[in-house]
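Here are the chains, one letter per residue:
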Amino acid sequence: MSPSTSPRLFTEWEVARHCTKESCWVLLGTRVYDVTAFLRMHPGGEALILRRSGKDVIQEMEGPPHRHSENARRWMEQYYIGELDRDSGTEEAQTLRERRKADEQTGRETAEKTTDMKVKQEDENSPYNRCSSVDLDKDLVDWGKPLAWQVGHLAEKYDAWVHQPVDRPIRLFGNPFMEASTKTSWYWVPVVWLPIVFYLSWNSYASLAKGTTRIALTSDFSVPVHKYIFPLLFLMGWFLWSFIEYCIHRFVFHMKPPAHNYYLITLHFLLHGQHHKSPFDGSRLVFPPVLASLVVGSFYAILCSTLPEILGTSVFVGGLCGYVVYDMIHYYLHYGSPKRGSYMYNLKAYHVKHHFEHQRAGFGITSTFWDHPFNTVIPDEKF
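Model, not experiment: these values are computed from the prediction.

In this numbering, the UniProt entry assigns the feature "binding site: heme" (unreviewed entry) to H42 and H68. What stands out for the annotated residues spanning 27 residues is how close their C-alpha atoms remain, the widest pair being 11.8 Å apart. In this structure, H42 sits in the loop between β3 (31-34) and α2 (46-50). Look past the residues within four positions of H42 in its chain and what remains in contact with it is L48, I49 and K348.

Moving on to the sheet that holds β3. Read from one edge of the open sheet, four strands run β1-β4-β3-β2, paired in mixed fashion. Each edge of the open sheet carries a strand with a single partner, namely β1 (8-10) and β2 (25-28). Ignoring which end each strand starts from, the neighbouring axes of this sheet average 40 degrees apart. Relative to β3, β2 runs antiparallel, the two being bridged by four bridges. Looking at the pairing, V26 lines up with Y33 of β3.

Another point: the environment of F243. Assignment of secondary structure puts F243 in helix α10 (residues 230-253). On the accessibility criterion, F243 (32% relative accessible area) is partly exposed. Expressed as a C-alpha distance, the spacing of F243 and W370, which sit 127 residues apart in the sequence, is 7.3 Å. Not counting chain neighbours up to four residues away, the residues in contact with F243 comprise W370 and F374.

On to the packing of aromatic side chains, then. Across all of its chains, the model carries 30 aromatic pairs by this definition. Ring pairs connect the aromatic residues F239, F243, Y246, F251, F369, W370 and F374, which therefore count as one cluster. Between the NZ or CZ atom of R31 and the centre of the ring of Y80, over which it lies, the distance is 4.1 Å.

Attention now goes to unusual backbone geometry. Leaving glycine aside, a negative phi is the common case for residues, and trans is the common case for peptide bonds. A positive phi angle, close to 55 degrees, is found at A155, a residue other than glycine. Structurally, A155 can be placed in the loop between α6 (108-123) and α7 (158-162). You can call A155 partly exposed: its relative accessible area is 21%. The phi torsion at N375 lies on the positive side, around 60 degrees, for a residue other than glycine. Assignment of secondary structure puts N375 in the segment after α15 (371-374).

The next thing to look at is the pairing of β2. Every second residue of β2 is oriented toward a common face, with W25 and L27 on one face and V26 and L28 on the other, all of them buried. Where β2 folds back on β3, the antiparallel hairpin that results is connected by two residues, among which G29 adopts a positive phi of roughly 70 degrees.

Where nonpolar side chains cluster on the molecular surface, the patch consists of W186, Y187, W188, V191, V192 and I196 and spans about 560 Å² of accessible area. Tracing the chain through its elements places I196 in helix α9 (residues 188-209).

Under the criterion given, the structure shown has one cavity of 30 Å³ or more. Estimated volume of the largest cavity: approximately 60 Å³. Taken together, W241, F287, A292, V295, V296, F299, F316, G319, L320 and Y323 make up the lining of the largest cavity. Elements with a minimum of two residues in the lining of the largest cavity: α12 (289-306) and α13 (309-335). Here the lining of the largest cavity is built from residues that sort into nine nonpolar, one polar and no charged.

For helix α14 (residues 343-356), spanning 14 residues, the distance from its first C-alpha to its last is 20 Å, which sits close to the expected 20 Å at 1.5 Å a residue. Along α14, eleven of the 14 residues are buried, which leaves the element largely enclosed by surrounding structure. Buried residues of α14: Y345, L347, K348, A349, Y350, H351, V352, K353, H354, H355 and F356, and no others. Looking at the buried residues of α14, the elements they touch are α2, α4 (70-76), α10, α11 (262-277), α13 and α15.

Before going further, it helps to spend a moment on the UniProt feature "binding site: Zn(2+) 1" (unreviewed entry) in the protein chain. Here, the residues flagged by UniProt with the feature "binding site: Zn(2+) 1" (unreviewed entry) are H249, H254, H272, H275, H276, H334, H351, H354 and H355. As for its position among the elements, H355 is in helix α14. Of the residues examined, H355 reaches a relative accessible area of 2% and is grouped as buried. With near-sequence residues (within four places) excluded, H355 lies in contact with N71, H275, H276, P279 and H334. At 3.5 Å, the side chain of H355 and the side chain of H276 are in polar contact.

Pairing between side chains of opposite charge can happen when their charged atoms approach one another. According to the stated counting rule, one finds five salt bridges in the structure shown. K183 is the salt-bridge partner of E179, the closest N and O atoms lying 3.6 Å from each other. Connected through shared salt-bridge partners, R31, E77 and E83 make up one network.

Our focus in this paragraph is the environment of L9. On the secondary structure map, L9 appears in strand β1. Since its relative accessible area comes to 17%, L9 is described here as buried. Separated by 23 residues in the primary sequence, L9 and V32 have C-alpha atoms spaced 8.9 Å apart.

How each quantity is defined
Residues numbered from 1 in each chain as written. Predicted model: local features only at pLDDT ≥ 70, side-chain atom pairs only at ≥ 80, totals over all residues. Heavy atoms only, no water. UniProt positions renumbered as here; feature names shortened; annotations may be inferred. Helix = DSSP H or I, 4+ residues; strand = E, 2+ residues; numbered from the N terminus. Contact = heavy atoms within 4.5 Å. Pairing = 2+ DSSP bridges. Axes fitted to C-alpha atoms, helices over the stretch in contact; angles between N-to-C directions. Buried < 20%, exposed > 50% of the residue type's maximum accessible area, 1.4 Å probe, protein only. Phe/Tyr/Trp six-rings, centres within 6.5 Å; stacked < 30°, edge-to-face > 60°. Lys NZ or Arg CZ within 6 Å of the ring centre and 35° of its normal. Patch = residues over 30% accessible without salt bridge, like charges linked within 9 Å, V, L, I, M, F, W, Y side chains within 5 Å. Areas by Shrake-Rupley, 256 points an atom, 1.4 Å probe, with all protein chains shown as cover. Salt bridge = Lys/Arg side-chain N within 4 Å of Asp/Glu carboxyl O. 1 Å grid on protein atoms, 1.4 Å probe; cavity = no way out; pocket = protein on both sides within 12 Å on 5 of 7 lines; lining within 4 Å. Points joined across faces, edges and corners; volume = space filled by probe spheres on them. Nonpolar A, V, L, I, M, F, W, Y, C, P; charged D, E, K, R; others polar. Expected span 1.5 Å × (residues − 1). Polar contact = N/O pair within 3.5 Å; in protein donor to acceptor, adjacent residues only side chain to side chain.

Written out as structure tokens, the structure is:
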């Protein structure tokens, strides 16, 4: 809803009626929000919002136990649909009714100016005045056109813009083929890569079982490699993948491109900035095919150039399996609804805070496994 038009008025009874998964409304003071589309995305799970549907959630937003970030508040404004019309004739409700009546009696331009003045006056006393609503019609980019060639022109405004998430799908390119190459449905990751994981695992184990694989320490001395070493090599590959993913994510995906460099800004947005701008665009929650193939191929080439081929393949297949599991968990953390108190529930809350509070510092990139040695653990805060 554009802030320049009068908000629609709802009674308390109308708001209270919307208390199901199919239609869930909440209040922030006298402001009404339709959060139906947000239920599955909520890091605390659907149940927390549904229990408070039709009610005022200002206490939960302000905390304790969890005070929501400014980005979370700004995100909330995307679901704003109107104001509460109290029958008691409060000053706020009366003001809104008068504004609505004025809009009907006067011309559109005059009404818009008057409304802007009143909205600013009312917002001065609101705890949400520091979190402007997301008005896509007045954004720094034109959402009706491909974004890939626009973001580089944002210059010094890019970093702040890309870290203000919106609930909206992103189109990067106008060319349909190029656009399709940047998207991946989640199920294609296991469909494409798991058969390769199973085949290479079987092939590596069978080759090691022949007992002909040896590691040459000197020209006259070599050590045989037993087939039971395969699980250790597999886990080593998984470990290496998690380390590589953390480093790429933190030091490449979360670099701050120079404000004067159009091409680095564009590259950053294509690699990862788009994910932070629209964190719930499901078609972009897993690595796109081209990028995934480049990373996987490079990983394999490096291993096989430093280790005997069969050993390099054994390590590689562990890393490839780690990549598949990582991508599937990442998708689930954005769209799943894990049981409250479970490991996945806490991991989801931890990861979503990376998108809304600590994204610039690179905190909470994956789990806390690498956050501890790199000192990027998000401060503990219960939901």
